[in-house]
Structures are given as C-alpha cells and as structure tokens.
Amino acid sequence: MIRNLVEEHVVTAYDAMRPHFPDFCGCDICREDALVFALNRIPARYVSSRTGSVVTEVNLEKEQSRAAIEVAMMEGMRRISLAPRCGVKGKTSAQ
Ligand SMILES: [Zn+2]
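Residues numbered from 1 in each chain as written. Predicted model: local features only at pLDDT ≥ 70, side-chain atom pairs only at ≥ 80, totals over all residues.

Chemist: Hey, could you run me through the packing of helix 1 (residues 5–17) against helix 2 (residues 28–39) in this one?
Modeler: What describes two packed helices is the angle between their axes and the distance between those same axes. The geometry of helix 1 relative to helix 2 is characterised by a closest axis approach of 10 Å and an angle of 130° between their N-to-C directions. By the angle class used here, helix 1 and helix 2 are oblique. Two packed elements cross with a definite hand, and for helix 1 against helix 2 that hand is right-handed. Between helix 1 and helix 2, the contacting residues are Val6, Glu7, Val10, Val11 and Tyr14 on the first element and Arg31, Ala34, Leu35, Ala38 and Leu39 on the second. Considered class by class, the residues forming the contact of helix 1 with helix 2 number eight nonpolar, no polar and two charged. (Axes fitted to C-alpha atoms, helices over the stretch in contact; angles between N-to-C directions. Helix = DSSP H or I, 4+ residues; strand = E, 2+ residues; numbered from the N terminus. Parallel < 35°, antiparallel > 145°, perpendicular 65-115°, else oblique. Left-handed = near helix turned anticlockwise from the far one by under 90°. Contact = placed C-beta atoms within 7 Å. Nonpolar A, V, L, I, M, F, W, Y, C, P; charged D, E, K, R; others polar.)

Chemist: Explanation requested: the environment of Ile80 in the structure shown.
Modeler: Within the fold, Ile80 resides in helix 4 (residues 62–82). Sequence-wise, Ile80 and Ala34 are 46 residues apart; in three dimensions their C-alpha atoms are separated by 7.0 Å. In this view, Ile80 contacts Phe24, Cys30, Asp33, Ala34 and Phe37; residues no more than four positions away in its chain are not counted.

Chemist: Which parts of the structure should I look at to understand the confidence of the model for the protein chain?
Modeler: Interpreting fine coordinate detail is not advised for predicted regions of low pLDDT. Residues at a pLDDT of 70 or more form 80% of the protein chain, whose mean pLDDT is 84. Across the protein chain, element-level confidence peaks in helix 2 with a mean pLDDT of 97 and bottoms out in helix 3 (residues 53–60) with 53. (pLDDT = per-residue confidence, 0-100.)

Chemist: What is the right way to read the nonpolar core from this model?
Modeler: Soluble globular proteins tend to bury their nonpolar side chains together. In this structure, Val10, Ala34, Ala38, Ile69 and Met73 are the most contacted members of the largest nonpolar core, which totals 13 residues. Of all elements in the fold, only helix 1, helix 2 and helix 4 reach the threshold of two or more residues within this core. Top contributing element to this core by residue count: helix 4, with five residues. Residues in contact with Ile69, not counting those within four places in the same chain, are Val6, His9, Val10, Ala13, Ala38 and Ile42. (Core = buried A, V, L, I, M, F, W, Y, C linked by C-beta atoms within 7 Å. Buried ≥ 20, exposed ≤ 12 C-beta atoms within 10 Å, placed from the backbone.)

Chemist: How do you make sense of the environment of Arg79 when you look at a structure like this?
Modeler: By the element assignment, Arg79 lies in helix 4. When the 13 C-beta atoms within 10 Å are taken as the criterion, Arg79 is described as partly exposed. Remark: the alpha-carbon pair of Arg79 and Phe37, spanning 42 residues in sequence, is separated by 9.5 Å.

Quick look at the structure:
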C-alpha cells in the first residue's frame, strides 16, 4: 500500500489551525478544499507501508516540512474563507 505522508501532516495541521480561523467555515466542502489547497502546494512524500526506511528519512526533515505545510494551510484557509464553495455567508457582505 502506498501512502502520501504529507497528507497526514496536512490533516494534523488543519485540526491544529482550524480554531485560529473563526471566519473559516469548516464544513466538509471547505475542509476538503483547504486540505487540497495545501496538498497541491507541498511535494508529496510517498512511502510504502512495507518499508520503514523512507519514514525515518521523512521524520528527519519533519520540522521543515511542517513549517511549509502550516504556511500552505494558512493561505488555503484564508482564501477559502473569502469565497467558500459551499456558499455559506461570510461576515462581509460580498454579494
Ligand atoms: Zn463551508
């Protein structure tokens, strides 16, 4: 089985940062949009679940990866909260 380790980090970043963005809707649509936004901006780190060596390698650069992921997630939440696809009305009356 092949997994993208970045995906787990992105989900973790979302859960950690979501409370800091009260304007962000957070419904399933907006959540996935934010996750996709960040994932598309971070190089994927694919690992096979049968080997452990690649996982160690990724862990070594975790701090750097996490910083990049948090920046991407912050940008994603900011953009999506301005124009959420689910159509929820933001605090500003843009329409
Ligand atoms: Zn929403």
